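Structural features, examined
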Amino acid sequence: MAELHVELVAADRKVWSGEASLVVARTSSGDIGVMPGHQPLLGVLKPGPVTIRTTGESGGGTVVAAVHGGFISFADNKLSLLAEIAELSEEIDVQRAERALERAQSEADAAAERRAEIRLRAALASAR
């Protein structure tokens, strides 16, 4: 099976690195799926969940991360996701994210509400 090497990096750390068969992310042009052999690309990441279908000796799995803006680059079967903020779904405290969403809604803070919604979507997507 063909693979692509994926690096998901936030401003403060490497979030995830490994081999994958498919990565789905939201860009300024809409959602995009990148598979091995994809045409080279450079784009702007929009806030949203990133889904990585992993490959490896123990079989495939899925990694989901909440990403809050950045860039996506693909060439030579290497995909780089350079995010302002990114966190893996298992790092997200669902109850804390729900409280943050409620607080943002009560304060009419649209940006904070969007961040909390993305974190919840990412956390709940990996629970399926």
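Residues numbered from 1 in each chain as written. Predicted model: local features only at pLDDT ≥ 70, side-chain atom pairs only at ≥ 80, totals over all residues. Heavy atoms only, no water.

**Here we look at the domain arrangement of the chain**
- According to the domain assignment, the chain consists of domain 1 (4-89) and domain 2 (92-127).
- Taking the mean C-alpha position of each, domain 1 and domain 2 sit 21 Å from one another.
- Taken together, the contact pairs twelve residues of domain 1 with ten residues of domain 2.
- Buried area between domain 1 and domain 2, summed over both chains or domains, comes out near 870 Å², and the portion from carbon and sulfur atoms is 62%. (Domains from an automatic or database assignment. Contact = heavy atoms within 4.5 Å. Buried area = accessible area lost by both parts, 1.4 Å probe.)

**Considering helix α1 (residues 94-106)**
- In a regular helix each residue adds 1.5 Å, so 13 residues correspond to 18 Å; α1 covers 18 Å between its end C-alpha atoms and thus fits that length.
- A97, L101 and A104 are the residues of α1 that are buried. Take α1 and look down its axis: the buried residues cluster within an arc of 70°, on one side only. Summarising the geometry of α1, the exposed residues directed more than 90 degrees from the buried face are Q95, R96, E102 and S106.
- The opening residue of α1, the one whose side-chain oxygen lies 3.1 Å from the backbone nitrogen of Q95, is D93. (Helix = DSSP H or I, 4+ residues; strand = E, 2+ residues; numbered from the N terminus. Expected span 1.5 Å × (residues − 1). Buried < 20%, exposed > 50% of the residue type's maximum accessible area, 1.4 Å probe, protein only. Arc of directions from axis to C-beta. Polar contact = N/O pair within 3.5 Å; in protein donor to acceptor, adjacent residues only side chain to side chain.)

**Concerning the layout of surface pockets**
- Counted as a void, the largest pocket has a volume near 250 Å³.
- Mapped onto the lining of the largest pocket, the elements with two or more residues apiece are α1 and α2 (110-127).
- Broken down by class, the residue content of the lining of the largest pocket amounts to five nonpolar, one polar and seven charged. (1 Å grid on protein atoms, 1.4 Å probe; cavity = no way out; pocket = protein on both sides within 12 Å on 5 of 7 lines; lining within 4 Å. Points joined across faces, edges and corners; volume = space filled by probe spheres on them. Nonpolar A, V, L, I, M, F, W, Y, C, P; charged D, E, K, R; others polar.)

**What to know about the pattern of salt bridges**
- For the structure shown, the criterion picks out four salt bridges.
- Ionic pairing is found between D31 and R26, a salt bridge with its closest N-O pair at 2.7 Å.
- The class of D31 is exposed, set by a relative accessible area of 51%.
- Between R119 and E87 there is a salt bridge whose closest N-O contact spans 2.6 Å. Placement of R119 in helix α2 and of E87 in strand β9 (residues 86-88) is noted, with a sequence separation of 32 residues between them.
- Residue classification places R119 among the buried positions, given a relative accessible area of 14%.
- Among the residues examined, E87 registers a relative accessible area of 15% and is labelled buried. (Salt bridge = Lys/Arg side-chain N within 4 Å of Asp/Glu carboxyl O.)

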